[in-house]
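Below are the chains, spelled out letter by letter.
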Amino acid sequence: MRDLGEQKPASRDEARLARRLARYLATWPAIDRQRWEQNCAAADPLDDPGYGSTLRLASRHKIARGYTYWLRFLDEAGWLDPAAPPGARISHPRSAAWFRALMARGNAPFTIAGRFAELNLAIRVLAPEADRTCILQPNGASVGQRLFMDKRELLIPDTRILYAEGLRLMGTAEQCRTRRKALLQFRDGLIFAVLSARARRLGLWLKIGDEV
């Protein structure tokens, strides 16, 4: 029997993710673990697949990690009822309190936004019927609006720097721990070197990014 809805690892990297995911799930209340396993199980071909069953292992790991932070916060605040269903633990006041707690801990704006995004997806898996407005728009405003996040500045390195980095990636690919990582690093280095050598314009780079 597959453990708690995990996908079968295909590499050592995925096996490491699967072990971490299992450790996160082991700290959850029983009702949360049961719902995760049920909603992340592979769907019957004739059924409409639930959101959880469509997630890859890396996505499940990321969402479960973020949800674990939420459970820890509830526990520290004295709000964690292990018998309550996941959807019953969310509310506008609790989202506001979590927002303030994340701010007080010195988390960056994009980190805070990410924590709320992970919580939203976790509740989507664990309680698809739940109203997630209190997560998406706590007290009527999105987390992004409250953080006044500025768009990250687009940095375009010199093509000579990109070309040198491409050669470095290709030259050190054999030092990677796994063959898969080595192939990916060599591929990335080759892309850097070829495109920087041709001195492509920014517009074409963006077009290529949209097509990948």
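Everything here concerns the structure above.
Everything numeric here is computed off the predicted structure, so don't read it as measured data. (Residues numbered from 1 in each chain as written. Predicted model: local features only at pLDDT ≥ 70, side-chain atom pairs only at ≥ 80, totals over all residues. Heavy atoms only, no water.)

It is worth spelling out the pattern of salt bridges at this point. Per the stated rule, a full pass over the model turns up 8 salt bridges. For Arg89, the salt bridge goes to Asp32, with nearest N and O atoms at 2.8 Å. Taken together, the positions of Arg89 in the loop between helix H3 (57-77) and helix H4 (92-104) and Asp32 in helix H2 (residues 30-40) put the pair 57 residues apart, joining distant regions of the chain. Assessed through its relative accessible area of 2%, Arg89 is described here as buried. (Salt bridge = Lys/Arg side-chain N within 4 Å of Asp/Glu carboxyl O. Helix = DSSP H or I, 4+ residues; strand = E, 2+ residues; numbered from the N terminus. Buried < 20%, exposed > 50% of the residue type's maximum accessible area, 1.4 Å probe, protein only.)

Overall, the coordinates contain 8 aromatic pairs when judged by the stated rule. Where Phe73 meets Trp98, the ring centres are 6.3 Å apart and the plane angle is 35°; that geometry is what we call tilted. Of this pair, Phe73 sits in helix H3 while Trp98 sits in helix H4, and the two are 25 residues apart along the sequence. Given a relative accessible area of 7%, Phe73 falls into the buried group. For the cation-ring pair, Arg124 lies above Tyr51, with the distance from its terminal atom to the ring centre recorded as 3.8 Å. (Phe/Tyr/Trp six-rings, centres within 6.5 Å; stacked < 30°, edge-to-face > 60°. Lys NZ or Arg CZ within 6 Å of the ring centre and 35° of its normal.)

This paragraph deals with the nonpolar core. Trp28, Trp36, Tyr67, Trp70, Phe116 and Ile123 are the most contacted members of the largest nonpolar core, which totals 34 residues. At the level of secondary structure, the elements contributing two or more residues to this core comprise helix H1 (12-26), H2, H3, H4, helix H5 (109-126), helix H6 (133-136) and helix H7 (143-147). For this core, the element with the most residues is H3, which contributes 8 residues. Among all residues touching Trp28, those that are not within four sequence positions of it are Arg33, Trp36, Ala64, Tyr67, Thr68, Leu71 and Leu126. (Core = buried A, V, L, I, M, F, W, Y, C linked by side-chain atoms within 4.5 Å. Contact = heavy atoms within 4.5 Å.)

This paragraph deals with the environment of Leu21. Locating Leu21 in the fold gives a position in helix H1. Between the C-alpha atom of Leu21 and that of His61, which follows or precedes it by 40 residues, the distance is 5.2 Å.

With that settled, consider the side chain of Asp13. In this fold, Asp13 is placed in helix H1. The contacts of Asp13, once residues within four sequence positions are left out, are Thr178 and Lys181.

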